[in-house]
Amino acid sequence: MRLPRRPRLLLPVAIALVAIVALFFLFSGIYTDYLWFDTVDPGVDYTSVFSGVLLTEIVLFLVGAVLMVGIAGGNMLLAFRMRPMFGPAMFGGGSGADRYRMALDPHRKLIFIVGMGLLALFAGSSFAGEWQTWLQFINGVPFGTKDPLFQMDVSFFMFDYPFIRMILNFLFTAVIISIILAGITHYLYGGFRLQSPGVHASRAARAHLSVLLGVFVLLKAVAYWIDRFGLVFSDRGFVHGASYTDVNAVLPAKTILAIIALICAGLFFAGVIRPGGMLPGVSFGLLVLSAILIGGVYPALVEQFQVKPNQQLKESAFIQRNIDATRASYNVDKTEILPYTAEADPTKVQTGGDASVSGVRLLDPALVSATYEQTQRIRGFYGFSAQLDVDRYPDASGKQVDHVVGVRELLGAPEGQNNWINNALVYTHGYGIVAAPGNEVTDPGGLPDYDAKDMPVVGPLVNSTKLKEPRVYFGESPGSNEYVIAGGNPNNPQELDYPETGGTEQKNTTYTGKSGVPVGSFLNRLVYAAKYGEKNILLSGDVNDNSKILYVRNPRERVQKVAPFLTLDGNPYPSIVDGRITWIIDGYTTSNEYPYAQSESLGDMTRDRNTDRRVVAQQPQDKVNYIRNSVKATVDAYDGTVTLYAWDDKDPVLKTWSKAFPGIIQPEAKMSADLKAHVRYPEDLFKVQRYILSRYHITTPAAFYSGQDFWNVPSDPSQGDTNTKQPPYYVTTTMPDQSPAPTFSLTTTFVPKSGPNLAAFMAVDSVAGPDYGKLRILRMPSNTPIPGPGQAQNAFQSRFAGELNLLGVGASSVRYGNLLTLPYAGGLVYIEPVYIQVAAGGGQEPYPILQRVLVSFGSKIGVARTLDDALKQVFGGEQQQTTPNNEQAKPNQNTTALKSAIDSAQSAYNDAQKALQSSPPNWDEYGKAQKRLEAALKALEAAGALPSTATTPTPAPTASPSASPTVSPSTSATPTSTATLTATPTPTGGT
């Protein structure tokens, strides 16, 4: 039945239209990507990354597709041309293949074309995905270090070996597919038959398949030889790298198997000229038998009967190779390990006016984000990151002070105003940076003492840093995942800058940054309308020649797009650099190809409480055994300009990528002094290094094998979580071997593999300079137990639970901040801020306010409103003895005063209730009870159970009992007693 003429004409038209639309959307995607790269930074040719990667992928795709189709398709065509002249009749009788052949033969050209097209697509895509392997292979530079087994430069294993394996895997796949397709073709067209007895094949089919099998075995011989070099990545032994069995059994076995495979390949080729299946059968059997006996059984016997009974002795030299390679590949080989006596008795130390910890950061970035949110958000459509960042800025005297900083980012248009104009044209950016010294709070409120705040931004920090551009078009908020169209008409600005005049008016602005893709032309508007499926981009009259579309606005994603060969730190941080808010992101070069180095999951090594809470980005689970912080990247928060600086220009991997993409990475010398002042040691690298050093601080094979001195990173005790690691902390501290001046550092602690005591303290210098990146470990004495973070936390909670819980009255609750460990006065001091989370009122979320500081040194602890006062309690005349692990503290003078105050409050409250419930109410007795209640609350304040700002409400007497203040103290005299006061002070009072 033939189709009518019109449908037959419409069908190709419809197909053509579909093809045109598909090609247009493909063009739109590629063209908009090019426009984006072209405008990231007009001063740097980032289009070389776009064109370089795209061109490499296209070439590899074509090479992979052509090779696969040429090999597999060529062999299929060859099999078809070799079909017997008389087809199936040459072996007599028909077979099941006949009906398949008759069904497929009329359509064989279409089937061949479609099949080869699909094969080309998959093969080309797979090959194109290896663009990084290819670029590293052709641009690789030497390391100048040789592996201990083959004495070859490490660059062979990092850059050449992966490429060789890629080519071998591709050829293996092509040959296997060729064998399958050729076999099917020969079978369908009578080249061979599966019938009793045995297999009957034509001479041509036998020769063809013999050659293909011979090529396969020849490739196997090459693979055996190349596999010898892969032994440096073996995980057979006690550690990664070639083990005793690998070197003494597997290595010679691979060599022998390569020779045997070469012989077997010759036997397969001989089957071309000698009829029969004897030679192929013998070669196949020899190959399988030798692989089992020589490649499998022999190494297993060596491992079982030679190595395992004497593993420590046999593996000693290979463990040493692993230790040396791992320490070098993770850049921890220059770590200084210092024995530290860690004095535990504060009466035996002389602080001598040492103020190195008096200015330590108390604000916890993970907790005070909610405080910033409630006090500095200004409007509901702004917000701060779930975890703020730590930076440093000079105070009025020029001294560098740790600051907790956050950027007020735009979350999106207000609820109910969610339309395209608001989302794309009006609510385009956040505004301002908020910062507070980490060691100060307002007195008596306990709030951060902001030195940069409000809209427009004001404060001493704004003046000292000369902040001139507070607008944030590029940031980490979810709103940054959406595009905006900025610029437009500068004479009639419509982008909301910030609200003013009590919310009745607003300040508007117009974007003038150099980044962003112009969308004034019809073509650009058309392709972006197609990209985002939004017709308003094409039709809106508010989009004009001055308009620019801004997208990929997350700083981390922005850097990843222009430098896809880097692994980025999970925690970008904002700084005021040269008068502009600038995001700083650390970039790593990573690999899993460093010989003999221990391979670990990057995600597992960097996992801690912050990654589990998703407040910083999680790293992928990719295995790595080499990492360098080779690049410092910056993203301008106003116009999104990306700049990459070579921080470790000696890194061979960075040199390789710099050859592949010349000109996109700037030398370190181009970094401004202001930028260098805000560079810090990256968190993820430090977490990787502490993971490695928990074992690889040991440098002798015997001690490493026994593992008795391995360490663990402690769980986060302040959160009561035993499953996630304590994150490292940025803090200014002084190491014993340093000058007296404290240094901005990244710190962590270690505990023994089994046990709660402190094993070591580690810090890295985070200030750009000659000591930047210097890792120092203070190793605790093995014969003297030093309390670990968990024990210190238990001591704090055991000693002060009752007094601290009294702060959590009514709608408030106690929150523990980051537990800091610092070397001080020849020992270690634990410092922990305690917050009261108060309800803000008006339906707002509660937020924490700093109210107490806990300090512990050895067996002495103290608590006070300020760090200095708590230190005086420990090192002065008010020292207090902690109790053993989790045991109740014995009542002391402070506890006795607390009990007396609680009893007085309870008695006054009961008497007030009786006076109100009498008939008629006894107002005289009620008034007397209220005075006694006020006196009792003042006594609680004197005992340290309430902040000095606590007030006693005195409601007007009424006949209703509900009109009275309610005090429900516990009558327990132990420190774990609690009191609930529903008549709570206001949030600004701190409780």
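In this text, all values refer to a predicted model and were calculated from it rather than measured experimentally.

### Structural notes on the overall build of the protein chain
Consideration 1: Helices and strands together make up the secondary structure of the protein chain, namely 26 helices and 36 strands.
Consideration 2: Counting every position in the protein chain, which comprises 991 residues, the buried fraction comes to 52%.
Consideration 3: For the protein chain, the share of sequence-separated contacts (at least 6 apart) that also reach a separation of at least 24 residues comes to 69%.
Consideration 4: Summing over all exposed atoms, the protein chain offers an accessible surface of approximately 42500 Å²; the carbon and sulfur share of this is 58%.

### Here's the deal with unusual backbone geometry
Consideration 1: In this structure, Pro456 follows Met455 across a cis peptide bond, with omega equal to -5°.
Consideration 2: Topologically, Pro456 is positioned in the loop between β9 (433-437) and α13 (460-465).

### Some words on the sheet that holds β9
Consideration 1: The three strands lie next to each other as β5-β6-β9, forming an open sheet whose pairing is antiparallel. Each edge of the sheet is formed by a strand with only one pairing partner; in this case those strands are β5 (389-394) and β9. The sheet shows a mean angle of 40° between the axes of neighbouring strands, taken without regard to direction.
Consideration 2: As defined by bridge partners, strand β6 (residues 400-407) adjoins β9 across five bridges and the pair is classed as antiparallel. Residue pairing in the sheet places Val407 in a bridge with Ile433 of β9.
Consideration 3: Along the sheet face, helix α11 (residues 369-376) touches β6 and β9 and points at about 125° away from the line of β9.

### Digging into the packing of aromatic side chains
Consideration 1: Evaluation of the coordinates by the stated rule reveals 48 aromatic pairs.
Consideration 2: With 4.0 Å between their ring centres and 15° between their planes, Phe137 and Phe163 make a pair best called stacked. Of this pair, Phe137 sits in helix α5 (residues 131-139) while Phe163 sits in helix α6 (residues 154-188), placing them 26 residues apart in sequence.
Consideration 3: Ring centres 5.3 Å apart and planes at 70° place the aromatic pair Phe156 and Phe229 in the edge-to-face group. Of this pair, Phe156 sits in helix α6 while Phe229 sits in the loop between α7 (203-227) and α8 (244-270), and the two are 73 residues apart along the sequence.
Consideration 4: By relative accessible area, which is 14% here, Phe156 ends up buried.
Consideration 5: Put simply, the rings of Phe150, Phe156, Phe157, Tyr161, Phe229 and Phe233 pair up and form one aromatic cluster.
Consideration 6: When the ring centre of Trp225 is taken as origin, the NZ or CZ atom of Arg228, which lies over that ring, is 3.9 Å away.
Consideration 7: If you follow Arg228 out to its NZ or CZ, it ends over the ring of Phe229, 5.5 Å from the centre.

### Section: the side chain of Gln311
Consideration 1: With respect to the secondary-structure elements, Gln311 resides in helix α10 (residues 311-329).
Consideration 2: Exposure remark for Gln311: the relative accessible area of 18% places this residue in the buried category.
Consideration 3: Residues within four places of Gln311 in sequence aside, it is in contact with Phe238, Ser316 and Tyr705.

### Examining the sheet that holds strand β14 (residues 517-518)
Consideration 1: With antiparallel pairing, the three strands of this open sheet are ordered in space as β11-β15-β14. The sheet is open, and its two edges are formed by β11 (484-486) and β14, each paired on a single side.
Consideration 2: For β14 and strand β15 (residues 548-550), the ladder comprises two bridges, and the chain directions are antiparallel. Paired with Pro518 across the strands is Lys548, a residue of β15.

### Let's talk about the pattern of salt bridges
Consideration 1: Counting across every chain of the model gives 21 salt bridges.
Consideration 2: As a salt-bridge pair, Asp684 and Lys687 come within 3.5 Å of each other at their nearest N and O atoms. Of this pair, Asp684 and Lys687 both sit in helix α21 (residues 683-696), separated by three residues, roughly a single helical turn. Of the two residues examined, Asp684 and Lys687, each falls in the buried class.

### Observations concerning the confidence of the model for the protein chain
Consideration 1: For the protein chain, per-residue confidence averages 85 on the pLDDT scale, and 83% of positions sit at 70 or higher.
Consideration 2: The model gives residues 947-991 a pLDDT under 50, and that stretch makes 116 contacts with residues more than four places away or in other chains.

### Some thoughts on the side chain of Asp651
Consideration 1: Relative to the elements of secondary structure, Asp651 occurs in the loop between β22 (642-646) and α19 (652-660).
Consideration 2: The buried charged residue Asp651 lacks any salt bridge partner; its closest oppositely charged side chain belongs to Arg628, at an N-O distance of 5.2 Å.

### Quick word on a nonpolar patch on the surface
Consideration 1: The grouping of Phe284, Val288, Leu289, Ile292, Leu293, Val297, Leu301 and Phe305 at the surface amounts to a nonpolar patch, some 760 Å² of accessible area in total.
Consideration 2: Within the secondary structure, Leu289 sits in helix α9 (residues 278-307).
Consideration 3: Exposure remark for Leu289: the relative accessible area of 49% places this residue in the partly exposed category.

### Focus on the pairing of strand β12 (residues 495-500)
Consideration 1: A large share of β12 lies buried, amounting to five of its six residues.
Consideration 2: With five bridges joining them, β12 and strand β13 (residues 505-509) adopt antiparallel strand pairing. Paired with Leu496 across the bridge in β13 is Asn508.

### Quick notes on α21
Consideration 1: Over its 14 residues, α21 extends 19 Å from the first C-alpha to the last, a length consistent with the 20 Å expected when each residue adds 1.5 Å.
Consideration 2: The buried count for α21 comes to 12 of 14 residues, which makes it a mostly enclosed element.
Consideration 3: Buried residues of α21: Glu683, Asp684, Leu685, Phe686, Lys687, Val688, Gln689, Arg690, Ile692, Leu693, Ser694 and Tyr696, and no others.

### Quick notes on the nonpolar core
Consideration 1: Ranked by internal contacts, the top residues of the largest apolar core, which has 112 residues, are Tyr46, Ile485, Tyr528, Leu644, Phe661 and Ile664.
Consideration 2: Broken down by element, the residue count for this core peaks at 14 residues, all from α6.
Consideration 3: When near neighbours in sequence (up to four residues on either side) are disregarded, Phe661 contacts Ser48, Val49, Gly52, Val53, Trp131, Leu135 and Phe565.
Consideration 4: In this structure, Ile319, Val688, Ile692 and Val713 belong to the second largest nonpolar core, which totals 42 residues.

The rules behind the values
Residues numbered from 1 in each chain as written. Predicted model: local features only at pLDDT ≥ 70, side-chain atom pairs only at ≥ 80, totals over all residues. Heavy atoms only, no water. Helix = DSSP H or I, 4+ residues; strand = E, 2+ residues; numbered from the N terminus. Buried < 20%, exposed > 50% of the residue type's maximum accessible area, 1.4 Å probe, protein only. Contact = heavy atoms within 4.5 Å. Areas by Shrake-Rupley, 256 points an atom, 1.4 Å probe, with all protein chains shown as cover. Pairing = 2+ DSSP bridges. Axes fitted to C-alpha atoms, helices over the stretch in contact; angles between N-to-C directions. Phe/Tyr/Trp six-rings, centres within 6.5 Å; stacked < 30°, edge-to-face > 60°. Lys NZ or Arg CZ within 6 Å of the ring centre and 35° of its normal. Salt bridge = Lys/Arg side-chain N within 4 Å of Asp/Glu carboxyl O. pLDDT = per-residue confidence, 0-100. Lys, Arg positive; Asp, Glu negative; His and termini not counted. Patch = residues over 30% accessible without salt bridge, like charges linked within 9 Å, V, L, I, M, F, W, Y side chains within 5 Å. Expected span 1.5 Å × (residues − 1). Core = buried A, V, L, I, M, F, W, Y, C linked by side-chain atoms within 4.5 Å.

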